[in-house]
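Chain residues, written in single-letter form:
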Amino acid sequence: PQHVDLWLALARLETYEQARKVLNKARETLPTEPAIWITAAKLEEANGNGAMVGKIVERAVKSLGNHGVSVDREYWLKEAEAAEKNDPPALAVCREIVRVTVGAGVEEEDMKRTWKADAAECEKRGSTHTARAILAHACGAFPAKKGLWVLAAKLEKSVGDSAAMDALLKRAVMHCPRAEILWLMAAKERWLCGDVPGARDVLEEAFVVNPDSEDIWLAAFKLEFENREPERARALLAKIRARGGASERVWMKSAIVEREVGDAEEERRMLAEGLEKFPTAWKMWLMLGQLEEAQGDADAARTAYTKGCRRCHDAIPLWTAAATLEQRSGFSAKARAILEQARTRNPKNERLWLPGARPGRAA
């Protein structure tokens, strides 16, 4: 009667009602054996009594404590992983073991760090549900910590459970409304699932609490632009520019939209205004030169590249574009001179010495 494995083997051979009786008798005989309690919890879950699982685990910890057995959280977390890998999986047992025991013996100031490490280790071992349960508990204990929500969302993403990720991010933004990354993750997930209107709704909610977040505005722009809604995209960028303080990215994307719709005059205007505010934005100088080339104005393109190289002397694509323009225009000597000047200004840049940077092959 003192061999726990015999009791557990006997319980497995019995019907549900008889197994309960066997396990109750086993608990009376071996009151310090946690395995009996865990088997009882698995029995209830297997027979559709999931609501009992949490109560059994709580009673187990209390009873074991009354008999001088302290909670060994490493042991219990291993049992949670074992329950997850049970056949069939005992996911309620896994979840409730984590809920009841994961905080045992952990100081409050160490909880976040410890639980993140626990979840990471479980994930490495393939115990995804245990990792989920740990992070869910952590988010419940520290709901204002956006980093925990981000980790939990990434885990759901890796599992491929879009519905769970969406539900988790809904809770996350309620607790951390100022955390832009959570809104962006929520909107992107909706979009990737094909729910463009849903993604718009998420971003509109995000605007309400983060009206000055350029990242959220630009995410809304990207959603419209990549879903072939150029007018919506244009309108969003116009609103950002009108608010003042728009970054280099906003002006460049404004020019890209105009390029996409074929409005060369408006693209030129966006680039000119953007460069007035950000004269060292080499990508905009490059875009301006490319625009002028496309419009057949080599002189204007040459001017754009020259100004760009002067202000952004380490922007190699500008130098190579300027050299290519001269080569195409039949001025090979000038093209070589531009590349020599670029090498002088950027002596350690290997790209300028590659064959592709030589006149006649500049790109």
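Now for a look at the structure at hand. (Residues numbered from 1 in each chain as written. Predicted model: local features only at pLDDT ≥ 70, side-chain atom pairs only at ≥ 80, totals over all residues. Heavy atoms only, no water.)

**Some thoughts on the overall build of the protein**
Selection rule: Strands here are runs of E lasting at least two residues and helices are runs of H or I lasting at least four, both read from the DSSP assignment and numbered beginning at the N terminus. The globule rule is 2.2 Å times the number of residues to the power 0.38, and the radius of gyration it is compared with is taken over C-alpha atoms. Throughout, exposure labels follow a simple rule: accessible area from a 1.4 Å probe, protein chains only, divided by the maximum for the residue type, with under 20% read as buried, over 50% as exposed, and the rest as partly exposed. Contacts: residue pairs with any heavy atoms within 4.5 Å of one another. A 1.4 Å probe and the Shrake-Rupley method give the accessible areas. Residues count as covered only by the protein chains that appear here. Counted as positive: Lys and Arg. Counted as negative: Asp and Glu, with His and the chain ends omitted from the count. One atom stands in for each charge, and that atom is NZ of Lys, CZ of Arg, CG of Asp or CD of Glu.
When its secondary structure is counted, the protein shows 20 helices and zero strands. Taken over the C-alpha trace, the protein has a radius of gyration of 32 Å; the compact-globule value for 363 residues is 21 Å, which it surpasses by more than 25%. When each of the 363 residues of the protein is scored for burial, the buried share is 43%. Expressed as a percentage of contacts within the protein between residues at least 6 apart in sequence, the contacts between residues at least 24 apart total 52%. Counting only carbon and sulfur atoms, one obtains 51% of the accessible surface of the protein, whose full area is about 19,300 Å². Distance between charge centroids for the protein: 4 Å, based on 57 positive and 55 negative side chains.

**Observations regarding the nonpolar core**
The condition is simple: Each nonpolar core is a collection of buried residues, namely Ala, Val, Leu, Ile, Met, Phe, Trp, Tyr and Cys, held together in the definition by side-chain atoms within 4.5 Å.
Counting residues in hydrophobic clusters, the biggest one holds 112 residues, and the most contacted among them are Leu182, Tyr305 and Leu318. If one sorts the elements of this core by residue count, helix 19 (residues 316–328) sits on top with seven residues. In this view, leucine 182 contacts Lys146, Trp149, Val150, Leu169, Ala172, Val173 and Cys176; residues no more than four positions away in its chain are not counted.

**Some points on the layout of surface pockets**
Stated formally: Buriedness for pockets is judged along seven lines, at least five of which must meet protein on both sides within 12 Å for an open set on the 1 Å grid over protein atoms alone, while cavities are sets there where a 1.4 Å probe fits but cannot get out, and lining residues have an atom within 4 Å of a point. Grid points are joined across faces, edges and corners, and a volume is the space filled by probe spheres set on the points. Polar here means any residue outside two lists: the nonpolar Ala, Val, Leu, Ile, Met, Phe, Trp, Tyr, Cys and Pro, and the charged Asp, Glu, Lys and Arg; Gly therefore counts as polar.
For the largest pocket, the calculated volume is near 440 Å³. Every residue lining the largest pocket is counted, 20 residues in all, and those nearest its centre are Leu184, Lys188, Trp191, Ala219 and Lys222. A per-element tally of the lining of the largest pocket places helix 11 (residues 180–192) first, with seven residues. Residue composition of the lining of the largest pocket, grouped by class: 11 nonpolar, no polar and nine charged.

**Digging into the packing of helix 7 (residues 108–124) against helix 8 (residues 128–141)**
As a reminder, the rule being used: Axis definition: a line fit to C-alpha positions, over the contact stretch in the case of helices; interaxial angles, taken between N-to-C directions, run 0 to 180 degrees. Any angle from 65 to 115 degrees is called roughly perpendicular, while one under 35 is roughly parallel, one over 145 is roughly antiparallel, and all others are oblique. In this scheme, a crossing is called left-handed if the near helix is turned counterclockwise away from the far one by less than a right angle; it is called right-handed if the turn is clockwise.
It is the contact of helix 7 with helix 8, at a shortest axis distance of 8 Å, that shows an interaxial angle of 165°. Between helix 7 and helix 8, the interaxial angle falls into the category roughly antiparallel. For helix 7 against helix 8, the interelement crossing comes out left-handed. Contacts between helix 7 and helix 8 involve Trp115, Asp118, Ala119, Cys122 and Glu123 from the former and Thr130, Ala131, Ile134, Leu135, His137, Ala138 and Ala141 from the latter. Across the contact of helix 7 with helix 8, the residue classes break down as eight nonpolar, two polar and two charged.

**Remarks on the pattern of salt bridges**
The test is simple: Each reported salt bridge corresponds to a side-chain nitrogen of Lys or Arg within 4 Å of a carboxyl oxygen of Asp or Glu.
Under the criterion given, the structure shown has 32 salt bridges. Of the charged contacts in the structure, one is a salt bridge between lysine 124 and glutamate 121, with a shortest N-O distance of 3.5 Å. On the criterion of helical spacing, the pair formed by lysine 124 and glutamate 121 is a turn pair, its members being three residues apart in helix 7. On the basis of relative accessible area, glutamate 121 is assigned to the partly exposed category, the value being 36%. Between arginine 269 and glutamate 273 there is a salt bridge, and its shortest N-O distance comes to 2.6 Å. With arginine 269 and glutamate 273 both in helix 16 (residues 264–277) and four residues apart, this pair spans about one turn of that helix.

**Let's talk about helix 14 (residues 230–243)**
To keep it simple, the criterion reads: To estimate the expected span of a helix, subtract one from its residue number and multiply by 1.5 Å. The arc in question is the one spanned by the directions pointing from the helix axis to the C-beta atoms.
Look at helix 14: 20 Å from first C-alpha to last across 14 residues, which is about the 20 Å you get at 1.5 Å a residue. Of the positions making up helix 14, those classed as buried are Ala233, Leu236, Leu237 and Ile240. Along the axis of helix 14, the buried positions cluster into a sector of 95°, meaning they face one direction only. Counted as exposed and oriented over 90 degrees from the buried face of helix 14: Glu231 and Ala242. Looking at the residues trailing helix 14, positive phi occurs at glycine 244, about 85°.

**Describing the packing of aromatic side chains**
This is how it is decided: Aromatic contacts are taken between Phe, Tyr and Trp rings whose centres are within 6.5 Å, Trp giving its six-membered ring; a plane angle under 30 degrees counts as stacked, one over 60 as edge-to-face, and the others as tilted.
Enumeration over the complete set of coordinates arrives at four aromatic pairs. Seen from their ring centres, phenylalanine 221 and phenylalanine 225 are 5.4 Å apart, and the 20° between their planes marks the pair as stacked. Within this pair, phenylalanine 221 and its partner phenylalanine 225 are both found in helix 13 (residues 214–226), separated by four residues, close to a single helical turn. Relative accessible area serves as the criterion here: at 23%, phenylalanine 225 is assigned to the partly exposed category.

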